[in-house]
6 protein chains.
Amino acid sequence: MNGIVVRNIQRADKSAIDTLERLGVSTVHEAQGRSGLMQPYMRPLWRGARIAGAATTALCHPGDNWMIHVAAEVIKPGDVLVVACSSENADGAFGELLATSLKARGAKGIVLDLGCRDAAEISEMHFPVWSRAISAKGTVKASVGSVNVPVVCAGVHIKPGDVVVADDDGVVVVPRLDAAKVAKAGEEREKKEAGSRARLQKGELGLDLYDMRKALAEKGLKYIDGPLD
Amino acid sequence: MNGIVVRNIQRADKSAIDTLERLGVSTVHEAQGRSGLMQPYMRPLWRGARIAGAATTALCHPGDNWMIHVAAEVIKPGDVLVVACSSENADGAFGELLATSLKARGAKGIVLDLGCRDAAEISEMHFPVWSRAISAKGTVKASVGSVNVPVVCAGVHIKPGDVVVADDDGVVVVPRLDAAKVAKAGEEREKKEAGSRARLQKGELGLDLYDMRKALAEKGLKYIDGPLD
Amino acid sequence: MNGIVVRNIQRADKSAIDTLERLGVSTVHEAQGRSGLMQPYMRPLWRGARIAGAATTALCHPGDNWMIHVAAEVIKPGDVLVVACSSENADGAFGELLATSLKARGAKGIVLDLGCRDAAEISEMHFPVWSRAISAKGTVKASVGSVNVPVVCAGVHIKPGDVVVADDDGVVVVPRLDAAKVAKAGEEREKKEAGSRARLQKGELGLDLYDMRKALAEKGLKYIDGPLD
Amino acid sequence: MNGIVVRNIQRADKSAIDTLERLGVSTVHEAQGRSGLMQPYMRPLWRGARIAGAATTALCHPGDNWMIHVAAEVIKPGDVLVVACSSENADGAFGELLATSLKARGAKGIVLDLGCRDAAEISEMHFPVWSRAISAKGTVKASVGSVNVPVVCAGVHIKPGDVVVADDDGVVVVPRLDAAKVAKAGEEREKKEAGSRARLQKGELGLDLYDMRKALAEKGLKYIDGPLD
Amino acid sequence: MNGIVVRNIQRADKSAIDTLERLGVSTVHEAQGRSGLMQPYMRPLWRGARIAGAATTALCHPGDNWMIHVAAEVIKPGDVLVVACSSENADGAFGELLATSLKARGAKGIVLDLGCRDAAEISEMHFPVWSRAISAKGTVKASVGSVNVPVVCAGVHIKPGDVVVADDDGVVVVPRLDAAKVAKAGEEREKKEAGSRARLQKGELGLDLYDMRKALAEKGLKYIDGPLD
Amino acid sequence: MNGIVVRNIQRADKSAIDTLERLGVSTVHEAQGRSGLMQPYMRPLWRGARIAGAATTALCHPGDNWMIHVAAEVIKPGDVLVVACSSENADGAFGELLATSLKARGAKGIVLDLGCRDAAEISEMHFPVWSRAISAKGTVKASVGSVNVPVVCAGVHIKPGDVVVADDDGVVVVPRLDAAKVAKAGEEREKKEAGSRARLQKGELGLDLYDMRKALAEKGLKYIDGPLD
């Protein structure tokens, strides 16, 4: 599916997106069975952002950012733009002017398996960016790709309208139809973790809190008094 | 050319250097036809510096920083020291004492295709450093290299006296004799981008601003209403 | 030695540890003859921490953080937990709940040759972490490893009770029985560097301060007036 | 979809698979519009194999090869086993005993985003393997994954029954329903290339054969007689 | 321990070494509890060698191969030279002349966490080499390291006299005092695998051979008839 | 210098090229003072080739091989085509049809800082290729670069007409005007090495042959009888 732009997509439920945003990447990743996480080379341009939104997707080619301009037209307020590349490339496909444009169009942020430039200016704008590199390398507008087709970005398959959650821990994708279910599971996990946190803060051990001693013994773990030398 | 120190070099024009510093790496890289950019593994030790200066160059060997000491004598106030290495190496060839020395000699900063250490102390000094790694690994003073000879640093060929521009986006090199021309082209680009920025902020699309629609259609881009599933 | 937990270990001398902490990684690494430094991919989660402590060690398996829970029981206040992995893996084996637990148990920090998650939360807690990656990838509790056995972590062999020093420059290990000797050597180095710093700040050259000119000439270094072109 | 084994899948058409096998990876990749190629770190264990088959898929976890055993039951003669991993891992999940088993079950080969061991023995058996590494590192059987669910392997989304083509150039995936169409396009490309080859062998230039001179001139390419220095 | 050469070392038992050589890396690694394996970037210069021997160790510095010459004097016939480096470096520290020398001194092969050059000549000599890279980069003889001290090579701690086993699967280290025990465990594993191989060749499944079905069910693995779409 | 093709270049002396070819990469690299070596990721597609020739250079852009077609016209029999890329990219810019074309035009081989495909076919043709990767990824013909301008390829600055020497050890560049001098130095080195080889084969040590014992002692190397434990 190259050379196609899909204008309208179905987006995940807004309230589920809001919940997933609040929960953050690590909790959401666990809540959906430890799946959907992009590879850890995807790092935020600046620390402290936490966003979630429906994905508008774009597929670019190495050294070429043309489809980001095309995507800027079809993206809707609240969306996150997810940019994949047809082969490994770290060129600076996204800079301050495109950030200005996406911000003006209402995009919440961008996740790109390419490089980002104008690091100082975009950080100052507080526009959220996750990328594989910071690179000033300029790109061309020569090869058409696609917008709003399924892509693989940083190791994860994503369809337009799926939920993208991104923060300092990386980027996770939740399939559109699973959003509500995962949001609910995440909230349950959050509650459970609050209880665990309180007990751990008092010095209780995970060994007891999660009842691990028996399983460890069955697996053959042995305790020795020591010291050994 | 090993084992040679050239005491005097011809430097790029001061006013061109000042303009290139203000413009920053991404604009300068574009203004000279997207060339001269060091590989993106060259990162600033701390965020927020933007410098430009004539290059004093040094060629070191892996695990050896002797030539940085030699360069400290011939460098002139306002220069940027550019250190290449004869093979890939990330040892901590530059630390706080050398930073103190270079600062005292008037160097504006250092760009080294090696590692840097004393990260906390140098950041506090606000001495600008771009390096391939942060590493405490100590180096020896055993093999002579050269100072002020042409080198390849992080993928870019650089001659003594060429302009080095460095900021949060990386490091770019402008040949000495091109400095004025590139500075002028950069200023024109800057003006043009200011106009584009204003229009993009109002929500105008790059598609229209840069008149891309016809070219995209000619390349075969097709729009579909969707949604697809 | 798999499947073993050693409860009691011999720890390096407390006052030596305190001195090593104050000296920091680069000075300690030099003071013990440029050895013991972990590979430079080990980076702090947040900038500005400087810690030293006796090592409690753990050996985990890829994608599995079970032994960190086991280690939380035997670690003693003031220790640093050092986690090795039986093969290269960047999964998020350490997160905010484990940080809460280790903090409650008095650990000074953790050094793990695996990934870390909950980056925002742990940074806010100011719990010191050095890791090979930030990754939200969840881990299982399925395979037993060992606690308080000798391990190789990021290229360095470490025994329980050895001293771990970590700061923005990375992580260095000092064998338990060498701690006092290295601390003393480090303090001497520190004094000597203070003198060098003062002279370098005044513009004196390393060439003269370290008396390098003769050795450089003997190695064949030649000076040319230049400029060459 | 974790913890699921799908026993029966729909496979791509046999005659299309045969054609795709004969055409090989590079031709097939071009014939389907330059898509579907796994990342180039996927290398053959031994040179000279060229296979195609319907994909039986498996999703493993780092350091764990349990699902390969599970897949060995549901795989059908002529299939290629495609093994993805939930995070980056190079452990030796596949060795000579599993190769013996898969061969006995009629599998044509295996493509695994993990490591392979028993390199000498498997090469001697001439069982085709593409992997990300050769590593003797042993794996456990502790965590369930899935078999015959969609996976992302080395950057490509693949569904059970899709066609996998692999040779010395790497691995490409053709969606099941596109197999016949891509096979046909590949044969056309093959014919066209035969004509081109004959002309190039005689010394004709690609510039003329593909009629590139006008486009190059329009893009601004300039010829200079030279020599320049 | 820098600057030390230990002339005499205690070597592992000859008959254990012979057995470990015959068993090969993957079997030995499993037989000692999946430990002792060097990182998989250590690759043979040419395919088909399988050696084992007592380790003579050397510690070099980046870009410097002096200690290999020193080791050539103290190495004994049947030994394998293991060369570590004080920081990551791929320079060509070992070439055909050193191979000639080591061969003349009776060394069985070399394992070096550095680069190797003269690839064609050494392959023709059939001198076994495992290295991290092939590189023609020349090295100096300027910094002393040590010979026959404990080192970490490619992630494994090794003491002089330990057994090194190397083949197409990589390199594994067996501590000297464990050699006989591991050799025996390896032979048992070998026998057991012969039985498994025969059954797998007939098409029996690992699921049944290793009795995995119950454990899989307990872990929650579910079978679905399918096809799913 | 983008968008320029220089038709005529000055080539290094033919007899010097012939000598350099016979000497091979490692000897040539040493003979010119250990400089000019491309980074070791440049590997031959098949083992056993050894070539040298004057360089015709090309500068391509990521994912684009257009300039290789342009270079095929201006290359002269006996030349080696050297292809640089404006940013890091491993796409398969060179395949069997281009190999057929270059062979027909008399090129001796190609060195490309990009990927190569049709590995089986080109190996069978015995056309010599050094590349950074094997990848089937197709490339476009959309952006003009340059031919016969100075480029940086795999870390080395090369001008048209310089000598390229390539074999199983990698690729080295000799400046055109230095070719005769380096060839002569290489022949002298060759003779000297023949003498050393004969002595090493008899078991003489490098320590004595190169008279290293005194220098080692001066650097502080100490011998201990051992064994240590």
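Residues numbered from 1 in each chain as written. Chains lettered and ligands numbered in written order. Predicted model: local features only at pLDDT ≥ 70, side-chain atom pairs only at ≥ 80, totals over all residues. Heavy atoms only, no water.

**Considering the confidence of the model for chain A**
- Looking at chain A as a whole, the pLDDT averages 97, with 100% of positions reaching at least 70.
- With pTM at 0.98, the complex prediction returns an ipTM value of 0.96. (pLDDT = per-residue confidence, 0-100.)

**A short note on the interface of chain A and chain B**
- Counting residues at the interface gives 39 residues for chain A, matched by 39 residues for chain B.
- With both chains or domains summed, chain A and chain B bury close to 3,400 Å², and 58% of this area falls on carbon and sulfur atoms.
- Of all residues in chain A, Trp66(A), Leu97(A) and Ile134(A) bury the most surface against chain B, accounting for 17% of the area lost on that side.
- Inspection of the chain A/chain B interface yields 4 salt bridges. (Contact = heavy atoms within 4.5 Å. Buried area = accessible area lost by both parts, 1.4 Å probe. Salt bridge = Lys/Arg side-chain N within 4 Å of Asp/Glu carboxyl O.)

**What about the packing of aromatic side chains?**
- Enumeration over the complete set of coordinates arrives at 6 aromatic pairs over all chains.
- The ring centre of Tyr41(A) lies 4.3 Å from the NZ or CZ of Arg132(A), which sits over that ring. (Phe/Tyr/Trp six-rings, centres within 6.5 Å; stacked < 30°, edge-to-face > 60°. Lys NZ or Arg CZ within 6 Å of the ring centre and 35° of its normal.)

**Some words on the relation of the copies chain A and chain C**
- Mapping chain A onto chain C leaves a residual RMSD of 0.0 Å; the transformation is a rotation of 120° accompanied by 0.0 Å of translation along its axis. What we have between these two chains is a three-fold relation. (Least-squares fit on C-alpha atoms with pLDDT ≥ 70 in both.)

**What about the interface of chain A and chain C?**
- Tallying the contact residues gives 39 residues for chain A and 39 residues for chain C.
- Taking both partners together, chain A and chain C bury about 3,400 Å²; carbon and sulfur atoms supply 58% of that area.
- At the junction of chain A and chain C, the tally comes to 4 salt bridges.
- Residues Glu121(C) and Arg50(A) are paired through a salt bridge, measuring 3.2 Å at the closest nitrogen-oxygen approach.
- Where the side of chain A that touches chain C is concerned, the elements lending two or more residues are α2 (25-31), α6 (179-201), α7 (206-209), α8 (213-218) and β13 (222-224) of chain A.
- Tallied by class, residues from the side of chain A that touches chain C come to 15 nonpolar, 8 polar and 16 charged.
- Summarising the sheet, β13(A) and strand β1 (residues 4-6) of chain C pair through 3 bridges and their orientation is parallel. What sits directly across from Tyr223(A), in β1(C), is Val5(C). (Helix = DSSP H or I, 4+ residues; strand = E, 2+ residues; numbered from the N terminus. Nonpolar A, V, L, I, M, F, W, Y, C, P; charged D, E, K, R; others polar. Pairing = 2+ DSSP bridges.)

**Brief notes about the arrangement of the chains**
- Structurally, chain A and chain E remain out of contact, their C-alpha atoms never closer than 13 Å.
- With respect to C-alpha atoms, chain C approaches chain F no nearer than 13 Å, and the pair has no contact.

**With respect to the pattern of salt bridges**
Residues and elements named next belong to chain D.
- This structure, assessed with the given rule, holds 114 salt bridges over all chains.
- Its salt-bridge partner being Arg34, residue Glu30 comes within 3.0 Å of it at the nearest N-O pair.
- Given a relative accessible area of 12%, Glu30 falls into the buried group.
- Accessibility expressed as a relative area gives 31% for Arg34, which makes it partly exposed. (Buried < 20%, exposed > 50% of the residue type's maximum accessible area, 1.4 Å probe, protein only.)

**Looking at the pairing of strand β12 (residues 170-174) of chain D**
- Buried residues dominate β12(D), accounting for 5 of its 5 residues.
- The antiparallel hairpin formed by strand β11 (residues 163-167) of chain D and β12(D) contains 2 residues in its connecting segment.

**Re helix α1 (residues 14-23) of chain C**
Residue and element names in this part refer to chain C.
- When α1 is considered as a whole, its buried residues turn out to be Ala16, Ile17, Thr19, Leu20 and Leu23. Buried residues of α1 fall within an arc of 165° about the axis and therefore sit on the same side.
- On its buried face, α1 is in contact with α2 (25-31), β3 (51-60), β11 (163-167), β12 (170-174) and α6 (179-201). (Arc of directions from axis to C-beta.)

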